[in-house]
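Spelled out from the first residue to the last, the chains are:
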Amino acid sequence: MRKIASFTVNHDTLKKGVYVSRTDGDAVTYDLRMKTPNAGDYISPKSLHTIEHLLATFVRNSEYSDQVIYAGPMGCRTGFYLIMRDSVSRESLLELLRAAFGFIADFSGEIPGSSRIECGNYLEHDLEAAKADAKDYCEVLKNVTPDSMMYSE
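Just so we're clear, the structure is a prediction, and the values are computed from it rather than from any experiment. (Residues numbered from 1 in each chain as written. Predicted model: local features only at pLDDT ≥ 70, side-chain atom pairs only at ≥ 80, totals over all residues. Heavy atoms only, no water.)

Caption draft 1: Fine view of the overall build of the protein chain. Looking only at helices and strands, one finds three helices and four strands in the protein chain. Walking the protein chain from its N terminus toward its C terminus, one meets helices and strands in the order β-β-α-β-β-α-α. For the protein chain, whose C-alpha radius of gyration is 15 Å, the value lies close to the compact-globule estimate of 15 Å for 153 residues. Each of the three principal axes of the protein chain carries a C-alpha extent, and together these read 40 × 35 × 35 Å. For the protein chain, the proportion of its 153 residues judged to be buried stands at 45%. For the protein chain, the computed accessible surface area is about 8400 Å², with 48% contributed by carbon and sulfur atoms. Taking the 17 positively charged and 22 negatively charged side chains of the protein chain as two groups, their mean positions are separated by 5 Å. (Helix = DSSP H or I, 4+ residues; strand = E, 2+ residues; numbered from the N terminus. Rg over C-alpha atoms; globule rule 2.2 N^0.38 Å. Buried < 20%, exposed > 50% of the residue type's maximum accessible area, 1.4 Å probe, protein only. Areas by Shrake-Rupley, 256 points an atom, 1.4 Å probe, with all protein chains shown as cover. Lys, Arg positive; Asp, Glu negative; His and termini not counted. Charge placed at Lys NZ, Arg CZ, Asp CG, Glu CD.)

In structure tokens form, the structure reads like this:
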């Protein structure tokens, strides 16, 4: 079998940030890298789940809702994938991400979609950990530019 694109990235040199992972037609997959791979510090499963609910809710309620294809976690627990239509510029994407993670960092109240009826693992949430992880990523996002969104070799 062919190796998939995300397995060709050197995870030993990958840093926190936002990267264009791949482009398929008009769909762009963004790598939202919140943790340094293989560094021993990962997003806890409960935080990951909570961020997933809040991130997906935020982006699907944003002005770009019609351009969102998918928002979901990486199995390695170092970040998320966000798949958007290519009609959203990188500048606009960064504005959206800064707003989304600011929203998560400051969120209070009931986590959207977190009832037993709405979620298949409704007990696995940790809002405080999600807020802390989002706050850390907000600092990372301050330094991301459209020109820095490519993987380095």
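Now that the structure has been shown, we can carry on.
Caption draft 2: Structural view of the nonpolar core. One finds Val18, Tyr30, Leu32, Leu82 and Phe101 to be the most contacted residues of the largest nonpolar core, which totals 39 residues. Of all elements in the fold, only β1 (17-24), β2 (27-33), α1 (45-60), β3 (68-73), β4 (79-85), α2 (90-105) and α3 (127-141) reach the threshold of two or more residues within this core. Discounting chain neighbours no more than four positions away, the residues touching Leu32 are Gly17, Val18, Leu55, Met74, Thr78, Gly79, Phe80, Leu82, Leu97, Phe101 and Tyr137. (Core = buried A, V, L, I, M, F, W, Y, C linked by side-chain atoms within 4.5 Å. Contact = heavy atoms within 4.5 Å.)

Caption draft 3: View of the sheet that holds β1. Here four strands make up an open sheet; going across it, the order is β1-β2-β4-β3 and the pairing antiparallel. Every interior strand has two partners, whereas the edge strands, β1 and β3, have only one. Ignoring which end each strand starts from, the neighbouring axes of this sheet average 15 degrees apart. Bridge analysis of β2 against β4 gives seven bridges, and the strand direction is antiparallel. Within β4, the position partnered with Ala27 by the bridge is Arg85. Set on the sheet, α1 makes contact with β2, β3 and β4; between it and β3 the angle comes to about 165 degrees. (Pairing = 2+ DSSP bridges. Axes fitted to C-alpha atoms, helices over the stretch in contact; angles between N-to-C directions.)

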